[in-house]
Amino acid sequence: MKKSFFAFSMAVLVGFIAAVTLCVQALNTPQTVGAFGEENMRIVVDAGHGGADGGVSGKTTGVKESDLNLAIAYRVSDVLTDMGFEITMTRKTEAGLYGTATKGFKKRDMQRRKEIIESVDPMLVLSIHQNRYPARSVRGGQVFYARESERGKALALSVQAELNELYGKEKVKERKATVGDYFILNCADCPSVIVECGFLSNPLDEKLLTTEIWQKKLAESIATGVVNYLSGAVA
Ligand SMILES: [Zn+2]
């Protein structure tokens, strides 16, 4: 009798531990589709520049911003896809979106990006870029949002907080999310941000940005910023 009671107690205990373990695992599982009460889980990830428009370039290695933007955009897309989001990238190759590089190609390129965003009708837009500044000591990621977009600002603050944490380990001065008057921020009513991942005018940032490990860390930080924004963790 005692023995069977002990066996019963152990079975209950094991069951309880299993249930708790499952709960803990559930809490640790990345947010998935529907987790934010959103039916629209579409995100446009825009790799800035491309083709004849290389953007800024690295002072040390000459790396083109357009190439880094594409590499990081792919990594951001991968992380967000794993979380259950539906990702559309505005460009998937090194080429720009303007056709031939004749007069007005930059305008055509931006117009095409707008058309893609409009056709997807996403929940939000992330545009990936790299920065530069005359003072070579300036480092760190910086996020821009449209002045009149409160939701864009909230998303920018959330992503900025993650970037600051990432760079904080590198003892980089924290940067602030900032209003920016950029075309890509005004292509749709949904929250849209430009993520300047770092400064190609700074040799240390340039070195980090070209490494796979840093690009992955950046992608995870950006995705965490998105999830925190959607879950209301950042006001
Ligand atoms: Zn750029």
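It should be emphasised that the depicted structure is a prediction, and the values quoted were computed from it without experimental measurement. Within each chain, residues carry numbers counting from 1 in the order of the written sequence. This being a predicted model, a pLDDT of at least 70 is required before a residue's local features are given, and a value of 80 or more before pairs of side-chain atoms are given or counted; all residues contribute to the totals for chains, interfaces and linings.

J.: Please explain the environment of Tyr182 as it appears in this structure.
T.: Strands here mean DSSP runs of E at least two residues long; helices mean DSSP runs of H or I at least four residues long; both are numbered from the N terminus. Position of Tyr182 among the secondary structure elements: in the loop between strand 5 (178–179) and strand 6 (192–199). Exposure classes come from backbone-placed C-beta atoms, where a residue is buried if 20 or more other C-beta atoms lie within 10 Å of its own, exposed if 12 or fewer do, and partly exposed in between. On the basis of neighbour count, Tyr182 is assigned to the partly exposed category, with 18 C-beta atoms found within 10 Å. What counts as a contact here is a pair of residues whose C-beta atoms, placed from the backbone, lie within 7 Å. Discounting residues that sit within four places of it in the chain, Tyr182 has contacts with Phe144 and Ile194.

J.: Mind showing me how you'd approach the environment of Pro191 here?
T.: Mapping Pro191 onto the fold places it in the loop between strand 5 and strand 6. Taking the C-alpha atoms as reference, Pro191 lies 8.1 Å from Glu150; in sequence the two are 41 residues apart.

J.: Sorry if this is basic, but what is going on with the nonpolar core here?
T.: In summary, soluble globular proteins display a tendency toward joint burial of nonpolar side chains. Formed by 52 residues in total, the largest nonpolar core has its most connected members in Val76, Leu126, Val143 and Val193. At the level of secondary structure, the elements contributing two or more residues to this core comprise strand 1 (42–47), helix 2 (65–82), strand 3 (124–131), strand 4 (142–145), helix 4 (150–168), strand 6, helix 5 (203–209) and helix 6 (212–230). It is helix 6 that provides the largest number of residues to this core, a total of 8 residues. Setting aside residues no more than four positions away along its own chain, Val193 makes contact with Leu126, Val143, Phe144, Tyr145, Gly152, Leu155, Ala156 and Val159. For our purposes the nonpolar core covers buried Ala, Val, Leu, Ile, Met, Phe, Trp, Tyr and Cys residues that link as a set through C-beta atoms within 7 Å.

J.: Can you walk me through the sheet that holds strand 2 (residues 86–89) in this structure?
T.: Picture the strands of a sheet paired through backbone hydrogen bonds; they go either parallel or antiparallel. Whether two strands pair comes down to DSSP finding at least two bridges between them. With mixed pairing, 6 strands are arranged side by side in an open sheet as 2-1-3-6-4-5. What marks the edges here is a single partner per strand, and that holds for strand 2 and strand 5. With 2 bridges connecting them, strand 4 and strand 5 associate as parallel partners. Looking at strand 5, one finds that Tyr145 is bridged to Val179. To define axes, lines are fitted to C-alpha atoms, for helices over the stretch in contact only, and angles between the resulting N-to-C directions are given on a 0 to 180 degree scale. Most of the contacts of helix 2 go to strand 3, to which it runs at about 145 degrees, and overall it touches strand 1, strand 2, strand 3 and strand 6. Against the sheet, helix 3 (residues 105–120) contacts strand 1, strand 2 and strand 3, and its axis sits at roughly 170 degrees relative to strand 1.

J.: What is the right way to look at the pairing of strand 3 in this model?
T.: Look at any regular strand and the pattern is simple: side chains alternate between the two faces of the sheet. Across the 8 residues of strand 3, 8 count as buried, placing the element largely inside the fold. Residues of strand 3 alternate between two faces, with Leu124, Leu126, Ile128 and Gln130 on one and Val125, Ser127, His129 and Asn131 on the opposite face, all of them buried. Across 5 bridges, the pairing between strand 1 and strand 3 is parallel. Across the sheet, residue Asp46 finds its bridge partner in strand 3, namely Ser127.

J.: Could you clarify how one ought to interpret the pairing of strand 1 in this entry?
T.: Within strand 1, 5 of the 6 residues are buried, leaving the element largely enclosed by the surrounding structure. Judged from the 4 bridges that link them, strand 1 and strand 2 form a sheet pairing that is parallel. Pairing of Val45 across the sheet is with Met89, part of strand 2.

J.: Is there a simple way to think about the confidence of the model for the protein chain in this case?
T.: Low pLDDT marks regions whose predicted coordinates should not be analysed in detail. As a per-residue measure, pLDDT tells how confident the predictor is, with possible values from 0 to 100. Scored by pLDDT, the protein chain has a mean of 88; 84% of the residues are at 70 or more. Contacts from residues 12–33, a stretch scored under 50 in pLDDT, to residues over four places away or in other chains number 10 contacts.

J.: Explain helix 3 here, please?
T.: Since the α-helix packs 3.6 residues into each turn, any two residues three or four apart lie on the same face. Every helix has an expected span of 1.5 Å times one less than the residues it contains. Look at helix 3: 23 Å from first C-alpha to last across 16 residues, which is about the 22 Å you get at 1.5 Å a residue. Buried within helix 3 are the following residues: Asp109, Arg113 and Ile117. Buried residues along helix 3 cover an arc of 75 degrees about the axis, so they all sit on one side. Residues of helix 3 that are exposed and angled more than 90 degrees away from the buried face: Lys107, Glu118 and Ser119. Residues of helix 3 that are buried make contact with strand 1 and strand 3. Along the arc lie the directions from the helix axis toward the C-beta atoms.

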